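Each chain, written out:
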Amino acid sequence: MSEFDRLCNEFEKIEYEEYTLLLREKSLKVLPALSVITQNGLSGIEIFGSFITAAVVADGKLAEEEYNLLYPMLTMFFGENLDYEGCKKAVSEMAQENKELKKLTNEMVDVLGILNKDLKEDIIIICMIICAVDGKISLREKLWIKQLIKD
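First, a word on scope: everything that follows refers to the structure included in this document. Everything numeric here is computed off the predicted structure, so don't read it as measured data. (Residues numbered from 1 in each chain as written. Predicted model: local features only at pLDDT ≥ 70, side-chain atom pairs only at ≥ 80, totals over all residues. Heavy atoms only, no water.)

### Some words on the packing of helix H3 (residues 44–57) against helix H5 (residues 84–96)
It is the contact of H3 with H5, at a shortest axis distance of 9 Å, that shows an interaxial angle of 85°. Overall, the two elements H3 and H5 adopt an arrangement that is roughly perpendicular. Here Thr53, Val56 and Val57 of H3 come into contact with H5, specifically with Val91, Met94 and Ala95. In the contact of H3 with H5, the residues fall into 5 nonpolar, 1 polar and no charged. (Axes fitted to C-alpha atoms, helices over the stretch in contact; angles between N-to-C directions. Helix = DSSP H or I, 4+ residues; strand = E, 2+ residues; numbered from the N terminus. Parallel < 35°, antiparallel > 145°, perpendicular 65-115°, else oblique. Contact = heavy atoms within 4.5 Å. Nonpolar A, V, L, I, M, F, W, Y, C, P; charged D, E, K, R; others polar.)

Right, dumping it as structure tokens:
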């Protein structure tokens, strides 16, 4: 088993409350650091929103656990009128437009390339938390995360 697969297994075993705490802790470090960055006309907050969105869309479906975990952030980025069914439909539509996810991923890789190692690791951990919150990091999610890890 590779180190990456071992790490994925560890994330899959975390209890929901720990996901919440870890996501909050990492977000509180990442958001201020990204707030001073602009990339391709996007603010740091919009960049962070892109990471969240791409992590949700990576496997092509929105698990209720992902929605519940991310609800406060989703409303911050997209407004108050977000219900689970509406989000689920939007994720499904975005996943079908695979080139949008590829474009988003390429932009994310560019951003990660300009960040320091600790910040990059924190963002990847946030993405892994989102992917693992439903109890399984799927093959599609693993392949997507591996793209982010590449140096």
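### A few points about the environment of Glu66
Relative to the assigned elements, Glu66 resides in helix H4 (residues 64–78). Relative accessible area serves as the criterion here: at 1%, Glu66 is assigned to the buried category. Placed 65 residues apart in sequence, Glu66 and Met1 show a C-alpha to C-alpha distance of 27 Å. What Glu66 contacts, discounting residues up to four positions off in sequence, is Ala55, Val56, Lys61, Ile130, Cys131, Val133 and Glu141. A distance of 2.8 Å separates a polar side-chain atom of Glu66 from the backbone nitrogen of Ala63. (Buried < 20%, exposed > 50% of the residue type's maximum accessible area, 1.4 Å probe, protein only. Polar contact = N/O pair within 3.5 Å; in protein donor to acceptor, adjacent residues only side chain to side chain.)

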